[in-house]
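These are the residues of each chain, in order.
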Amino acid sequence: ILQIIPRYLDPETGIERAVSPFEDGGVFLTITSGSLFSMEAFEKCGLFQEDLFIYCVDDDYSLRIRKNGFYIGATRNAVLLHQSGHPTSRKLFGKTITTKNYRPEVRYYYARNKVWMLRYHARTFPRIIIPTLREFVTIPLKIALMEDERWQKIKLFVRGLADGVAGRIGRLKIGRASCRERV
C-alpha cells in the first residue's frame, strides 16, 4: 500500500464523495488531501507534477501509483471535510443537475490538465478517456445554463483545451499577474 485515503465529506451537504474502484478492490482515482503516503511512493513514483499545481495533480499521482503496480487503500475511520468549488444544483427537464461553480481561471486549469492527463495516461488507463471526453461537452453546457461569469468561464475552458492540445503547461497569464497568485 502506497497511499491511504480518508472518507471525504462535503461540509455543507454531508454527502460523502464516491471513490472510483479499481479491479483489486482498492481505489482508482482519488484526491490527495488528507492522504497518507509511504516514503516508497515518492521513491518509486516521484513527486507531484508541479506544472499541474491545481486540478489533476491528484489524478496524475493516483495513476502513477497504479502504473507502478501499487495499491491505493481507503480507511473508513478517518474523515476529511472537503468541498470542491461552490456547488449549485438546478432541476432541468425533471433531472437534478449539479455544477461546481469554479472560478474562471480554475476552469482553464481543469480543462488543460484533463487534456494533459489524456496525453500521458490514456494508453495505460483507457477507462479515463470516455468520462473525460464527456466532461469536455457537459461542463461548458452546465456553465452556460447554470453559472455566473459564464462566458469568461467558457472562454477560459476552451483556451485550456487548446493549450492542453498544444502541450502548454504551467501558470496561466492574465494581464500582469499570474493566476497562481490569485488561486
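Scroll up to find the structure.
If you're wondering where the values come from, they're calculated on a predicted model, not measured in any experiment.

(A) Fine view of the pairing of strand S4 (residues 88–92). Pairing of S4 with strand S5 (residues 95–99), which is carried by five bridges, proceeds in the antiparallel orientation. The residue of S5 that forms the bridge with Lys-91 is Thr-96.

(B) Representation of the layout of surface pockets. A volume near 1700 Å³ is recorded for the largest pocket. Taken together, 48 residues line the largest pocket, and the ones lying closest to its centre are Arg-17, Lys-100, Tyr-102, Tyr-110 and Glu-135. Breaking the lining of the largest pocket down by element, the ones donating at least two residues are strand S1 (3–9), helix H2 (57–67), S5, helix H3 (104–121) and helix H4 (129–146). In terms of residue count, H4 provides more of the lining of the largest pocket than any other element does, seven residues in total. By residue class, the composition of the lining of the largest pocket is 20 nonpolar, 14 polar and 14 charged.

(C) The arrangement of the sheet that holds strand S2 (residues 36–37) in detail. Across the sheet, which stays open at both edges, the three strands sit in the order S2-S1-S3 with mixed pairing between neighbours. Every interior strand has two partners, whereas the edge strands, S2 and strand S3 (72–81), have only one. For S1 and S3, the ladder comprises six bridges, and the chain directions are parallel. Pairing of Ile-4 across the sheet is with Gly-73, part of S3. Those strands touched by H2 are S1, S2 and S3, and its axis lies near 155 degrees from that of S3.

(D) Highlighting the side chain of Asp-60. Looking at the element boundaries, Asp-60 is found in helix H2. Owing to a relative accessible area of 2%, Asp-60 belongs among the buried residues under this scheme. Discounting chain neighbours no more than four positions away, the residues touching Asp-60 are Gln-49, Leu-52, Trp-116, Met-117 and His-121.

(E) Expanded view of the nonpolar core. One finds Phe-28, Leu-63, Phe-125, Ile-128, Phe-136, Phe-157 and Leu-161 to be the most contacted residues of the largest nonpolar core, which totals 21 residues. Elements that contribute at least two residues to this core include exactly H2, H3, H4 and helix H5 (150–166). Here the element with the most residues in this core is H3; it accounts for six residues. Every residue in contact with Ile-128, bar those within four places of it in the chain, is listed here: Phe-28, Leu-29, Leu-63, Met-117, Leu-118, His-121 and Ala-122. One finds Cys-45, Tyr-61, Phe-70 and Ile-72 within the second-largest nonpolar core, a separate group that totals eleven residues.

(F) Broad picture of unusual backbone geometry. Not every positive phi belongs to a glycine, and Cys-56 is a case in point at roughly 85 degrees. Among the secondary structure elements, Cys-56 is positioned in the loop between helix H1 (39–45) and H2. At Phe-93, a residue that is not glycine, the phi angle is positive and equals roughly 55 degrees. By the element assignment, Phe-93 lies in the loop between S4 and S5.

(G) Here's a closer look at the pattern of salt bridges. If you walk through the whole model with that rule in mind, you get eleven salt bridges. Residue Glu-105 pairs with Arg-103 through a salt bridge whose shortest N-O separation is 3.0 Å. Taking relative accessible area as the criterion, Glu-105 reaches 4% and is therefore assigned buried. Relative accessible area serves as the criterion here: at 38%, Arg-103 is assigned to the partly exposed category. Between Asp-163 and Arg-168 there is a salt bridge, and its shortest N-O distance comes to 2.7 Å.

Conventions used here
- Residues numbered from 1 in each chain as written.
- Predicted model: local features only at pLDDT ≥ 70, side-chain atom pairs only at ≥ 80, totals over all residues.
- Heavy atoms only, no water.
- Pairing = 2+ DSSP bridges.
- Helix = DSSP H or I, 4+ residues; strand = E, 2+ residues; numbered from the N terminus.
- 1 Å grid on protein atoms, 1.4 Å probe; cavity = no way out; pocket = protein on both sides within 12 Å on 5 of 7 lines; lining within 4 Å.
- Points joined across faces, edges and corners; volume = space filled by probe spheres on them.
- Nonpolar A, V, L, I, M, F, W, Y, C, P; charged D, E, K, R; others polar.
- Contact = heavy atoms within 4.5 Å.
- Axes fitted to C-alpha atoms, helices over the stretch in contact; angles between N-to-C directions.
- Buried < 20%, exposed > 50% of the residue type's maximum accessible area, 1.4 Å probe, protein only.
- Core = buried A, V, L, I, M, F, W, Y, C linked by side-chain atoms within 4.5 Å.
- Salt bridge = Lys/Arg side-chain N within 4 Å of Asp/Glu carboxyl O.

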